[in-house]
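The chain contents come next:
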Amino acid sequence: MGSSLPSRLISPFFVLIWSTGFVVARYGLPYAEPLTFLSMRFAGVLMVLAPFSVGIAWPGRRQGVHMAVAGVLLQAGYLGGVWIAIHLGMGAGLAALVVGLQPLLTAVAGRWMGEPPSARQWAGLVLGFVGVALVVGNRIGTMGLTWQALAFAVAALLSITAGTVYQRRFCPGVDLRAGLLLQFGASLIVVLPAAWMFETMAVQWTWPLAGAWAWSVFALSIGAICLLFLLIRRGAATRVASLMYLTPAVTALMAWAAFDEPLTATMVAGMALSAFAVAWAQGKR
């Protein structure tokens with residue numbers, strides 16, 4: 001009981017913070033291109049954490065490379081793919097649904113980690129995806145959708161799935177501060193040259209952009225990622241990934257409160273089904 005209590009406290013905070021990602025994108029993208037914004041975000045994380053780097057336990061060279069690879073997958077690959085897909089015209093609902101396949105792919109990869117999902121977990125994962133589809137289904141549209149946007153969304157899905165599996169398998173027990181510095185440093189090295197080559201890097205500083213940047217740095221990149229690291233260490237990757245099914249539901253509630261977006265009975269039913277599916281996949285009563 002004592003060892004499970006912290007995770008029960010961590011999980012809701014993680015889902016709540018992680019779900020703000022699409023809201024941040026809505027605030028930030030009108031004023032900065034996706035890779036440019038991510039470069040600013042990653043640089044901000046490094047500046048905030050640099051003063052706390054003195055005296056921390058740095059991993060060895062091999063472990064550091066593993067942390068950098070996981071960081072590029074979880075940060076540069078996932079965030080870059082999602083933000084570029086939305087920038088190219090993909091609706092947030094469709095992007096959320098594509099990325100919502102992550103728990104299913106993580107379950108498939110569970111055998112590679114020695115964590116084969118049970119029949120109960122498979123049932124919960126399938127029900128969770130149905131719940132996600134109900135939540136975002138009325139927002140899915142094909143107008144303006146290009147194969148390039150779809151390709152970036154699928155790339156984001158594959159990247160976060162691989163990053164979760166890789167982090168679980170190769171990055172146990174690393175100091176959180178060292179892990180964040182290594183992962184965001186590696187991600188900045190990847191994203192910044194891409195922004196310089198493919199974008200204008202023009203930034204229109206406004207209060208919405210400043211707020212989106214600050215929230216991205218402190219809440220999403222530092223807060224949510226620290227919680228994700230702790231969850232990955234404490235539980236099987238399939239159970240951790242199943243929490244992602246709650247993200248579209250919480251995001252829909254935030255959009256309803258912040259932007260007065262409609263909240264239908266079908267969406268509420270999808271939220272309830274997602275919550276049940278997460279509990280079922282995690283083996284809760």
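Definitions and cut-offs
- Residues numbered from 1 in each chain as written.
- Predicted model: local features only at pLDDT ≥ 70, side-chain atom pairs only at ≥ 80, totals over all residues.
- Heavy atoms only, no water.
- UniProt positions renumbered as here; feature names shortened; annotations may be inferred.
- Helix = DSSP H or I, 4+ residues; strand = E, 2+ residues; numbered from the N terminus.
- Buried < 20%, exposed > 50% of the residue type's maximum accessible area, 1.4 Å probe, protein only.
- Contact = heavy atoms within 4.5 Å.
- Areas by Shrake-Rupley, 256 points an atom, 1.4 Å probe, with all protein chains shown as cover.
- Axes fitted to C-alpha atoms, helices over the stretch in contact; angles between N-to-C directions.
- Parallel < 35°, antiparallel > 145°, perpendicular 65-115°, else oblique.
- Left-handed = near helix turned anticlockwise from the far one by under 90°.
- Patch = residues over 30% accessible without salt bridge, like charges linked within 9 Å, V, L, I, M, F, W, Y side chains within 5 Å.
- Salt bridge = Lys/Arg side-chain N within 4 Å of Asp/Glu carboxyl O.
- pLDDT = per-residue confidence, 0-100.

- As recorded by an unreviewed UniProt entry, the protein chain carries the name DMT family transporter and is attributed to Pigmentiphaga daeguensis.
- Here is the UniProt Sequence similarities (unreviewed entry) comment for the protein chain, exactly as written: "Belongs to the EamA transporter family."

Some words on the overall build of the protein chain
Link 1 in the chain: A tally of regular secondary structure across the protein chain gives 13 helices and zero strands.
Link 2 in the chain: From first element to last, N terminus to C terminus, the protein chain shows the α and β order α-α-α-α-α-α-α-α-α-α-α-α-α.
Link 3 in the chain: Residue burial in the protein chain is summarised as follows: out of 285 residues, 51% are buried.
Link 4 in the chain: A fraction of 92% describes how many contacts in the protein chain between residues 6 or more apart in sequence connect residues 24 or more apart.
Link 5 in the chain: For the protein chain, the accessible area works out to roughly 13000 Å², and carbon and sulfur atoms hold 71% of it.

Side note on the packing of helix 4 (residues 61–87) against helix 9 (residues 176–198)
Link 1 in the chain: Remark: helix 4 packs on helix 9, axes separated minimally by 7 Å, with the N-to-C direction vectors making an angle of 60 degrees. Judged by the angle between their axes, helix 4 and helix 9 are oblique. As helix 4 packs across helix 9, the resulting crossing turns out to be right-handed. Side by side, helix 4 and helix 9 meet where G64, M67, A68, A70, G71, V72, L74, Q75 and A76 of the first sit next to G179, L182, Q183, F184, A186, S187, V190 and V191 of the second.

As for the UniProt feature "transmembrane region" (unreviewed entry) in the protein chain
Link 1 in the chain: Within this numbering scheme, the UniProt entry marks residues 9–29, 35–58, 122–141, 147–166, 178–198, 210–231, 243–259 and 265–283 as carrying the feature "transmembrane region" (unreviewed entry).
Link 2 in the chain: Between the C-alpha atoms that bound residues 178–198 the distance is 30 Å, and the span itself is 100% helix and 0% strand.
Link 3 in the chain: Span residues 243–259 is 76% helix and 0% strand, its end C-alpha atoms 24 Å apart.

Quick word on a nonpolar patch on the surface
Link 1 in the chain: On the surface, a cluster of nonpolar side chains totalling about 610 Å² of accessible area is made up of L192, W196, M197, F198 and M201.
Link 2 in the chain: Look at F198 and you get exposed, because its relative accessible area is 65%.

Quick word on the packing of helix 6 (residues 102–109) against helix 7 (residues 119–136)
Think of two packed helices as two axes; the pair is described by the angle between the axes and how far apart they sit.
Link 1 in the chain: Where helix 6 meets helix 7, the axes come as close as 9 Å, and the angle between the chain directions of the two elements is 160 degrees. Of the possible angle classes, the one that applies to helix 6 and helix 7 is roughly antiparallel. Of the two possible hands of crossing, helix 6 and helix 7 adopt the one that is left-handed. Counted together, P103, L104, A107 and V108 of helix 6 and W122, L125, V126 and F129 of helix 7 form the full contact between these two elements.

Description of the environment of F198
Link 1 in the chain: Looking at the element boundaries, F198 is found in helix 9.
Link 2 in the chain: For the pair formed by F198 and E33, sequence separation is 165 residues and the distance between their alpha carbons is 10.0 Å.

With respect to the confidence of the model for the protein chain
Link 1 in the chain: Taken residue by residue, the protein chain gives an average pLDDT of 81. The fraction at 70 or more is 86%.
Link 2 in the chain: The least confident element of the protein chain is helix 11 (residues 237–242), whose mean pLDDT is 63; the most confident is helix 3 (residues 34–49), at 95.
Link 3 in the chain: Across residues 1–5, confidence stays below pLDDT 50; counting only partners more than four residues off in sequence or on other chains, it has two contacts.

A word on the environment of W122
Link 1 in the chain: Turning to its location among the elements, W122 is positioned in helix 7.
Link 2 in the chain: Between the C-alpha atoms of W122 and A277, which are 155 residues apart in sequence, the distance is 9.8 Å.
Link 3 in the chain: Those residues in contact with W122 that lie beyond four places of it in its chain are L104, A107, V108 and P117.

Examining unusual backbone geometry
Residues other than glycine predominantly adopt negative phi, and peptide bonds predominantly adopt the trans conformation.
Link 1 in the chain: Residues other than glycine seldom take positive phi values, yet M201 does so here, at roughly 60 degrees.
Link 2 in the chain: Inspection of the secondary structure assignment puts M201 in the loop between helix 9 and helix 10 (207–234).

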